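Notes for the structure review
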Amino acid sequence: ARSLDHIDPLGKNHLHISFDVDSLDPMIIPSTGTPVMGGLTFRETLQIGEYINNTGRMIAMDLVEFNPNIGTEQMINQSAKTIIEIIMAFFGKLRLG
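Computed from a prediction, not measured in an experiment: that's the story for all the values here.

A closer look at the overall build of the chain
Regarding its fold elements, the chain presents three helices and two strands. Counted from the first residue to the last, the chain has its helices and strands arranged as α-β-α-β-α. Across its three principal directions, the C-alpha atoms of the chain cover 45 × 30 × 25 Å. Across the 97 residues that make up the chain, the buried fraction comes to 32%. Residue pairs at least 24 apart in sequence account for 73% of intrachain contacts in the chain once pairs closer than 6 positions are excluded. For the chain, the accessible surface area stands at approximately 6400 Å², while carbon and sulfur atoms represent 58% of it. In the chain, the 7 positive side-chain charges and the 11 negative ones have mean positions that sit 10 Å from each other.

Observations regarding the pattern of salt bridges
When the charged atoms of two side chains lie near each other, side chains of opposite charge can form a pair. Applying the stated rule across the entire model yields two salt bridges. Close ionic contact of Arg57 with Asp8 constitutes a salt bridge, the shortest N to O distance being 2.5 Å. Remark: Asp8 occurs in the loop between helix 1 (2-7) and strand 1 (15-20) and Arg57 occurs in the loop between helix 2 (42-55) and strand 2 (58-64); sequence separation between them is 49 residues. The residues Arg57 and Asp8 share a single accessibility class, namely buried. Across the pair Glu85 and Lys93 runs a salt bridge, and its minimum N-O distance is 3.0 Å.

Digging into the nonpolar core
Ranked by internal contacts, the top residues of the largest apolar core, which has 14 residues, are Ile17, Phe19, Ile52 and Phe90. For this core, the secondary structure elements donating two or more residues are strand 1, strand 2 and helix 3 (73-90). When neighbours within four sequence positions are excluded, Phe19 is seen to be in contact with Leu24, Thr45, Met61, Asp62, Leu63, Val64, Ile86 and Phe90.

Some details on the pairing of strand 1
Only one face of strand 1 is buried, namely the one carrying Leu15, Ile17 and Phe19, since none of His16, Ser18 and Asp20 on the opposite face is buried. Handedness of the strand 1-helix 2-strand 2 crossover: right-handed.

Comments concerning the environment of Met61
For Met61, the location among the structural elements is in strand 2. Met61 sits 38 residues away from Ser23 along the chain, and the two C-alpha atoms are 16 Å apart.

Remarks on the packing of helix 2 against helix 3
At a minimum axis separation of 7 Å, helix 2 and helix 3 run at an interaxial angle of 30°. With respect to helix 3, the axis of helix 2 lies roughly parallel. On the side of helix 2, the interface is formed by Phe42, Thr45, Leu46, Ile48, Gly49, Glu50, Ile52 and Asn53, while helix 3 contributes Thr82, Glu85, Ile86, Ala89 and Phe90. Split into classes, the residues belonging to the contact of helix 2 with helix 3 amount to seven nonpolar, four polar and two charged.

Rules used in this analysis
- Residue numbering note: each chain is counted from 1, following its sequence as written.
- Totals for whole chains, interfaces and linings use all residues, but because this is a predicted model, local features are given only for residues with pLDDT of at least 70 and pairs of side-chain atoms are given and counted only at 80 or more.
- For side-chain calculations, the full set of non-hydrogen atoms in the structure is used, while hydrogens and water are omitted.
- Strands here are runs of E lasting at least two residues and helices are runs of H or I lasting at least four, both read from the DSSP assignment and numbered beginning at the N terminus.
- With a 1.4 Å probe rolled over the protein chains alone, any residue whose accessible area is under 20% of its type maximum counts as buried; one over 50% counts as exposed, and the rest are partly exposed.
- It only takes one pair of heavy atoms within 4.5 Å for two residues to be counted as in contact.
- We get accessible surface area from the Shrake-Rupley algorithm with a probe of 1.4 Å; when it comes to residues, only the shown protein chains can shield them.
- Here the positive residues are Lys and Arg and the negative ones are Asp and Glu; neither His nor the chain ends is included.
- Positions of charges follow a simple convention, taking NZ of Lys, CZ of Arg, CG of Asp or CD of Glu.
- By definition here, a salt bridge exists when the distance from a side-chain nitrogen of Lys or Arg to a carboxyl oxygen of Asp or Glu is within 4 Å.
- Each nonpolar core is a collection of buried residues, namely Ala, Val, Leu, Ile, Met, Phe, Trp, Tyr and Cys, held together in the definition by side-chain atoms within 4.5 Å.
- When the strands point away from the viewer, a crossover counts as right-handed if the path from the first strand over the helix to the second runs clockwise.
- Simply put, an axis is a line fit to the C-alpha atoms, just over the touching stretch for a helix, and the angle between two N-to-C directions goes from 0 to 180 degrees.
- For classification, angles of less than 35 degrees are called roughly parallel, those exceeding 145 degrees roughly antiparallel, those between 65 and 115 degrees roughly perpendicular, and all remaining angles oblique.
- When residue character is reported, Ala, Val, Leu, Ile, Met, Phe, Trp, Tyr, Cys and Pro are called nonpolar, Asp, Glu, Lys and Arg charged, and the others, Gly included, polar.

So this is what it looks like as C-alpha cells:
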C-alpha cells in the first residue's frame, strides 16, 4: 500500500502487474528457474492480489518464470494450480475463511 501511495499519491494511474513466481518460496512454486528460499508465502501473495484488485486500477497482468520443464509431474501440477489461484486473486477471487 505504501509503495503505491509513493509512486502514485493521487491514486489515478492504471496498473500493469508483472508478477514473477520466483518471488514465492519454492515449496509453493517448485517449477521455476530461480527459486528463492524464504520467499513470499501463498497467503502473502493472495493478500497482494486482493489488495491490487481492491484498487480497481489493474488493467493488465503478466505472470512469469513458471517453467513446466522443471520438476516432477506432481511439482509441475502443484505450481500450475497455485498460479491459477494467484491470478484469480488478482482478478477478484476472495479467500474463504
